Amino acid sequence: MEEVSKHSVHTLVFRSLKRSHDIFMADNIQPPARDDASDRLKVACKVQDQYGMIQNLPAPGKGLHMAEHIHPDMTEGNQHLESGYEDIAAHVLPGHPYPSAPGIPLSQESIARQPPLSDSGIQEVLRGLPPSEAQIQASRVSHGVEDIHRKAGIPERVQPPGSRALVSIAGGGTKNSQALVPRKAPTMPKPKWHPPWKLYRVISGHLGWVRSIAVEPGNQWFVTGAGDRVIKIWDLASGQLKLSLTGHVSAVRGLAVSPRQPYLFSCGEDKMVKCWDLEQNKVIRHYHGHLSACYALDLHPTIDILATCGRDATIRIWDMRSKACIHTLTGHTNTVASVKCQSAEPQIVSGSHDSTIRLWDLAAGKSRATLTNHKKSVRSVVLHPKLYMMASASPDNIKQWKFPDGNFMQNLGGHNAIVNCLAINSDNVLVSGGDNGSLHFWDWRTGFNFQRTQAPTQPGSLDSDAGIFAMTFDHSGSRLLTAEADKTIKIYKEDDEATEETHPLNWKPEIAKKKKY
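Quantities reported herein were computed from a predicted structural model and do not represent experimental measurements.

(A) A look at the environment of Met389. Looking at where Met389 falls in the secondary structure, it is placed in strand S21 (residues 389-393). For Met389 and Met409, which are 20 residues apart along the polypeptide, the C-alpha to C-alpha distance reads 9.2 Å. The contacts of Met389, once residues within four sequence positions are left out, are Leu383, His384, Gln400, Trp401, Lys402, Phe403, Met409 and Trp444.

(B) Geometry of the nonpolar core. Core analysis: the biggest nonpolar cluster contains 17 residues, and Trp197, Val431, Leu439, Phe441, Met471 and Leu480 have the highest contact counts within it. When contributions to this core are tallied by element, the ones reaching two or more residues are strand S24 (419-424), strand S25 (429-434), strand S26 (438-443), strand S27 (448-454) and strand S28 (468-473). In this view, Val431 contacts Cys421, Leu422, Ala423, Leu439, His440, Phe441, Met471, Phe473 and Leu480; residues no more than four positions away in its chain are not counted.

(C) How the structure looks around the pairing of strand S19 (residues 366-371). Looking at chain direction, strand S18 (residues 357-361) and S19 are connected through five bridges and run antiparallel. Within S19, the residue paired with Ile357 across the bridge is Leu371. Hairpin connection between S18 and S19: a loop of four residues separates the two successive antiparallel strands, and Gly365 in this loop has a positive phi of roughly 70°.

(D) View of the pattern of salt bridges. Inspection of the entire model under this criterion finds nine salt bridges. Ionic pairing is found between Asp495 and Lys198, a salt bridge with its closest N-O pair at 3.7 Å. Of the two residues, Asp495 sits in the segment after strand S30 (488-494) while Lys198 sits in strand S3 (residues 197-204), which places them 297 residues apart along the sequence. In this structure Asp495 comes out as buried when scored by relative accessible area, which is 17%. The partly exposed category is assigned to Lys198, whose relative accessible area is 37%. Salt-bridge contacts for Asp304 lead to Arg321; the nearest nitrogen and oxygen are separated by 3.6 Å. Of this pair, Asp304 sits in the loop between strand S12 (294-299) and strand S13 (305-310) while Arg321 is found in the loop between strand S14 (314-319) and strand S15 (325-330), placing the two residues 17 residues apart along the sequence. According to the relative accessible area criterion, Asp304 is partly exposed, its value standing at 22%. One salt-bridge network, in which partners are shared between bridges, spans Arg260, Asp304 and Arg321.

(E) Representation of the sheet that holds S30 in the model. Taking strand neighbours across the sheet as the criterion, the four strands line up as S3-S30-S29-S28 in an open arrangement whose pairing is antiparallel. Bordering the open sheet on either side are S3 and S28, each of which pairs with just one other strand. Looking at each pair of strands side by side, their axes are set apart by 25° on average, direction ignored. Across five bridges, strand S29 (residues 479-484) lies against S30 in antiparallel orientation. Directly across from Ala483, in S30, lies its bridge partner Ile489.

(F) Representation of a nonpolar patch on the surface in the model. Taken together, the side chains of Val9, Val13 and Leu17 define a hydrophobic patch exposed on the protein surface, amounting to about 300 Å² of accessible area. Under the relative-accessibility criterion, Val9 is labelled exposed at 62%.

(G) Main features of the sheet that holds strand S20 (residues 380-383). What the four strands build is an open sheet, ordered S20-S21-S22-S23; its pairing is antiparallel. Looking at which strands have only one partner, the edges of the open sheet turn out to be S20 and strand S23 (407-412). Strand-to-strand twist in this sheet, taken as the mean axis angle between neighbours without regard to direction, amounts to 20°. Strand direction decides the pairing type here: S20 and S21, joined by four bridges, are antiparallel. Bridge pairing in S21 places Leu383 opposite Met390.

(H) Structural view of unusual backbone geometry. Cis geometry is adopted by the peptide bond preceding Pro346, which originates at Glu345 and carries an omega value of -5°. Structurally, Pro346 is set in the loop between strand S16 (336-341) and strand S17 (348-352). One non-glycine residue, Lys271, lies in positive phi territory at about 70°. Tracing the chain through its elements places Lys271 in the loop between strand S9 (263-268) and strand S10 (273-277). Lys271 sits in the partly exposed class, given a relative accessible area of 43%.

(I) The side chain of Glu484, seen in detail. Relative to the helices and strands, Glu484 is located in strand S29. If sequence neighbours within four positions are ignored, Glu484 has contacts with Trp209, Val210, Ala455, Pro456, Gly467, Ile468, Phe469, Lys490 and Tyr492.

(J) Structural detail: the confidence of the model for the protein chain. Chain-level pLDDT for the protein chain is 81 on average; 71% of the residues reach the 70-or-more range. The low-confidence segment residues 62-101 (pLDDT under 50) makes 53 contacts with residues lying over four places distant or belonging to another chain. Across residues 157-178 the pLDDT falls below 50, and counting only partners more than four positions away or on other chains, this stretch makes 30 contacts in the model.

What counts, and at which threshold
Residues numbered from 1 in each chain as written. Predicted model: local features only at pLDDT ≥ 70, side-chain atom pairs only at ≥ 80, totals over all residues. Heavy atoms only, no water. Helix = DSSP H or I, 4+ residues; strand = E, 2+ residues; numbered from the N terminus. Contact = heavy atoms within 4.5 Å. Core = buried A, V, L, I, M, F, W, Y, C linked by side-chain atoms within 4.5 Å. Buried < 20%, exposed > 50% of the residue type's maximum accessible area, 1.4 Å probe, protein only. Pairing = 2+ DSSP bridges. Salt bridge = Lys/Arg side-chain N within 4 Å of Asp/Glu carboxyl O. Axes fitted to C-alpha atoms, helices over the stretch in contact; angles between N-to-C directions. Patch = residues over 30% accessible without salt bridge, like charges linked within 9 Å, V, L, I, M, F, W, Y side chains within 5 Å. Areas by Shrake-Rupley, 256 points an atom, 1.4 Å probe, with all protein chains shown as cover. pLDDT = per-residue confidence, 0-100.

Next comes the structure, spelled out in structure tokens:
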């Protein structure tokens, strides 16, 4: 077996340098020096190519010599074109009564040779044309830019709001005479007056943070779930405790009451989803499948299915009766904090900590749209009870969307807190609850913030216990129920004595803000 010859490091480095030099040597070779013969040949080829048709013209006449207009910085290679300009001026300009070059007067000889056309001359030319052609020529008018674009199939350009509009001049000019006039800047429409909301009841009884709340369809009682692992049912009119349900081994994060069956559904951080029979007050079904804490659930309004979501970044669709998992909707990359169901498309809407909102096709079991306008975690999604719209909340702001494609409508900024929950009633009052106990009330149509208030903490609590985790309106829309970090449930209602005179709308017309995506 032949031995491999050993070389020193110096030899190997030298060979490597030589090979690199051989590879890239061609890039560093200096081009040969230019000579005068090559330059003259290049200029001659260029002259023949670009000026060959007008290079040999007859001798100049008495017309204007364009040699006076040659730029003083002309290089020596182009000096031989000076005589060509005189030929151009004599051959082209005197023979054309309307030169395109501005500021160049016509010679008397050109004017005498080609006088301007008169009206009688035009009529004489038209009489010499065939009848059909003469009618076309006589009726022909100059076209505007819009006519040319329309003929070419170019779509009409839409003016953005606030830009200048083109309007025709009244009383003069042709039909295409137009002028630019400034359009009045659009102003924000005046919001509807809403009476202020005030706190009128505080209910205590839980031993931990109240994390979820739901009102039953008959509007007689409501149910809450808390960090003490207990589900409590309260009378809505009196605030008295009616029932306590135990069964979860961790905080209860989601609750829903079925409008068609006597069932209560709950989910919690113990990964359990339970169905309670309220006639027997016990659990009758378990829905197994979530791999981590379950944070929210919702019932479909027309189909007997249940949607749950959680920290495993999935939304699971369950058959309410058979306990089977119909779909596992995947696509989010972080915790899914909120899920909502509706009968129209899209039937499932979810908000996640990956800063996106997804609209799901329930039949296909996949996402049909992903809304990426939020910059931070989306912690709550709420559907409008009447309009085909929804709102979403994140720490930066609140956004409104229009179904079915999730078109962005407007941005509601100003709630400078981590917004945990949203609620809306049929009177277009949108409420947002913050992690610091702040409540903001908004007019849905205009996005005007007509009231701000701070939820008080119950005696004995720290100021840091002010925090709102969940909220909902009752079915009449006249009472707002909030679940808070000071272990209480607070109920708000409209001030019956307030009028527009006693509580005027603090609103000033201002220029409409652009949409913030």
